[in-house]
Amino acid sequence: MTARDKQLPDLSGYFGQFGGKFVPETLMPALNELELAYTEASADSGFQQQFQQLCREYIGRPTPLYPARQLSAKIGGATILLKREDLAHTGAHKINNALGQGLLARRMGKTRIIAETGAGQHGVAVAAMCAMLGLNCIIYMGEEDIERQSANVLRIKLLEAEVRPVSSGSRTLKDAINETIRDWVTNVHDTYYLLGSVVGPHPYPMIVRDFQSIIGQETKEQVMAMYHRLPDYLIACVGGGSNAIGLFHPFFNEKSVKFIGVEAAGQGIETNQHAASLTAGKVGVLHGTKSHLLQDRDGQILETHSIAPGLDYPGVGPEHSYYKDTGRATYVAVTDAQALEGFRLLCHTEGGILFNQLDEAATDDNAIGYRSYSPCLFWRRDAKADAERLACLLPNPFDEVF
């Protein structure tokens, strides 16, 4: 990491005007303790070596960078590479952050781990990590997401973690975060809140970004080894934004590499049934950080919609807001219908059952239609519930649609 990278965030936790710590006074000591512990761990070669060793032996890193030749030929004009985070242990990128923060929690002497989850992948990753490290685990999950992601709920329970349903609000990720924060305030002395995305008060956006940056670090090494040059574009879906920041950040100072983040447009931006905070939101404060939010004229948080669980969050990480504000990244949005179109295209061309978040990233015409070199996407494997929902939404799978 270069000196310039280390300026983001500043000592107060800001990325430009975004970020900060907007929390009750009771949580300030816990955040200060966390920041100090992370600073010490970051400078401890033993801690870093343990993280890297478990990334290899437990997660299975590095994950492959796959040349999507059929997809590239179908689109025309671009060499498309897929960063295969679905091949990481537990099936998504979430395990990178869960492992890093789990090791940090154990270093701090915390024995009780709490976390939120939307799509269920963060919950599975945290539960797996806690089982491996011998830590108690409680996962908060909205009732809507529990219904949509029942297979992941089963996986969490098989790992002997407790799942606590959240019935308030929209019963999705935002509300799960609310309940997790309430728990943390009450049990701050022995409890570690393992936040799953680059949101929340400082130092969480920095911590999650740093652990997820292994994605972009590997991608840079792999693409240089394969093609002896950097990609023209990096493309990733954005909900809270941890996978995208993990890919983007190691390329931050490579100005020739353009970043494209793709948000969930749901039923369409004009319908207000979407989750496109950067595309259609305004600056505000949610869950302890300042960033772009979906809110009404009175500052009340709006309900969101996306076919992809985990992308239906009404805010975004402050570093993404900074990238948008400075022009470092471009953010676009695709609808549920476009996501389903991308889902089928990827299935037909690359032979993978690719669910949810990749399809949001892969179906924006601008994002995959550039005459560019090696844009990087994510795919992920997910639960049986996704397949059941898609069977209802897609036309006859035997119809010829291309």
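This text follows the structure it describes.
Rules behind the numbers
Residues numbered from 1 in each chain as written. Predicted model: local features only at pLDDT ≥ 70, side-chain atom pairs only at ≥ 80, totals over all residues. Heavy atoms only, no water. Helix = DSSP H or I, 4+ residues; strand = E, 2+ residues; numbered from the N terminus. Buried < 20%, exposed > 50% of the residue type's maximum accessible area, 1.4 Å probe, protein only. Areas by Shrake-Rupley, 256 points an atom, 1.4 Å probe, with all protein chains shown as cover. Phe/Tyr/Trp six-rings, centres within 6.5 Å; stacked < 30°, edge-to-face > 60°. Pairing = 2+ DSSP bridges. Axes fitted to C-alpha atoms, helices over the stretch in contact; angles between N-to-C directions. 1 Å grid on protein atoms, 1.4 Å probe; cavity = no way out; pocket = protein on both sides within 12 Å on 5 of 7 lines; lining within 4 Å. Points joined across faces, edges and corners; volume = space filled by probe spheres on them. Nonpolar A, V, L, I, M, F, W, Y, C, P; charged D, E, K, R; others polar. Core = buried A, V, L, I, M, F, W, Y, C linked by side-chain atoms within 4.5 Å. Contact = heavy atoms within 4.5 Å. Polar contact = N/O pair within 3.5 Å; in protein donor to acceptor, adjacent residues only side chain to side chain. Expected span 1.5 Å × (residues − 1). Arc of directions from axis to C-beta.

Undergrad: Which parts of the structure should I look at to understand the overall build of the chain?
TA: Scanning the chain from N- to C-terminus turns up 17 helices and 14 strands. Here the chain holds 402 residues, and the buried ones make up 61% of them. Of the accessible surface of the chain, which amounts to about 15800 Å², a share of 50% is contributed by carbon and sulfur atoms.

Undergrad: How do you make sense of the packing of aromatic side chains when you look at a structure like this?
TA: To describe a pair of aromatic rings, you give the distance between the ring centres and the angle between the ring planes. One pass over the structure, following the stated rule, counts nine aromatic pairs. Ring centres of Phe248 and Phe259 lie 4.5 Å apart, and the angle between their planes is 5°; this geometry places the pair in the stacked category. Taken together, the residues Phe248 in helix α11 (residues 242–248) and Phe259 in strand β10 (residues 258–266) connect sequence positions eleven residues apart. The same class applies to Phe248 and to Phe259, which are both buried. Ring centres of Phe259 and Tyr323 lie 6.0 Å apart, and the angle between their planes is 40°; this geometry places the pair in the tilted category. With Phe259 in strand β10 and Tyr323 in helix α13 (residues 318–326), this residue pair connects regions lying 64 residues apart in the sequence. A relative accessible area of 1% means that Phe259 is categorised as buried. In textbook terms, an aromatic cluster arises when at least three aromatic residues are bridged by ring pairs, as seen for Phe248, Phe252, Phe259, Tyr322 and Tyr323.

Undergrad: What's the story with the sheet that holds strand β7 (residues 162–166) in this structure? I'm lost.
TA: Sheets are built from strands paired through backbone hydrogen bonds, the pairs being either parallel or antiparallel. Sheet architecture is open: four strands sit in the order β7-β6-β5-β8, paired in parallel fashion. The outermost strands of the open sheet, each flanked by one partner alone, are β7 and β8 (191–193). Neighbour-to-neighbour, the strand axes of this sheet turn through a mean angle of 25°, independent of strand direction. Bridge analysis of strand β5 (residues 112–117) against β8 gives three bridges, and the strand direction is parallel. Of the residues in β8, the one forming a bridge with Ile114 is Tyr193.

Undergrad: Teacher, can you tell me more about the environment of Lys74 here?
TA: Relative to the helices and strands, Lys74 is located in helix α3 (residues 69–75). For Lys74, a relative accessible area of 45% corresponds to the partly exposed category. It is 7.7 Å that separates the C-alpha atoms of Lys74 and Thr349, two residues lying 275 residues apart in sequence.

Undergrad: Please explain the layout of surface pockets as it appears in this structure.
TA: One simple way to see leftover space: roll a probe sized like a water molecule over the atoms. Looking at the second largest pocket, its volume works out to about 160 Å³. Contributing to the lining of the second largest pocket are eleven residues, with Glu144, Thr172, Thr304, His305 and Asp312 lying nearest its centre. Classifying every residue of the lining of the second largest pocket by side-chain character gives no nonpolar, six polar and five charged.

Undergrad: Can you help me understand the nonpolar core in this one?
TA: It is characteristic of soluble globular proteins that their nonpolar side chains tend to be buried jointly. By size, the foremost hydrophobic cluster in this structure holds 62 residues, and its most contacted members are Leu104, Ile113, Val126, Met129, Trp184 and Tyr192. Here Val126 is in contact with Ala98, Ile113, Ala115, Cys137, Ile139 and Leu194, once residues within four sequence places are set aside. With 23 residues, the next largest nonpolar core counts Ala236, Ile245, Val257 and Ala329 among its residues.

Undergrad: Explain the side chain of His292 here, please?
TA: Along the chain, His292 turns up in strand β12 (residues 289–293). Owing to a relative accessible area of 9%, His292 belongs among the buried residues under this scheme. Here Ser321 takes part through its side chain, which lies 2.7 Å from a polar atom of the side chain of His292. Those residues in contact with His292 that sit more than four places away from it in its chain are Phe18, Ser277, Leu278, Gly281, Lys282, Val283, Pro314, Gly315, Val316, Ser321 and Lys324.

Undergrad: Explanation requested: helix α10 (residues 214–227) in the structure shown.
TA: Since the α-helix advances by 3.6 residues per turn, residues separated by three or four positions end up pointing in the same direction. With 14 residues, α10 should reach 20 Å at 1.5 Å per residue; the first-to-last C-alpha distance of 20 Å fits that figure. Just downstream of α10 lies His228, where phi reads positive at about 60°.

Undergrad: Explain helix α7 (residues 150–158) to me, please; I cannot follow it from the model alone.
TA: All buried positions along α7 are accounted for by Asn152, Val153 and Ile156. Buried residues of α7 fall within an arc of 105° about the axis and therefore sit on the same side. On its buried side, α7 packs onto α5 (121–133), β6 (136–142), α6 (143–148) and β7. Once α7 finishes, Glu160 follows within two positions and takes phi at roughly 65°, a positive value.

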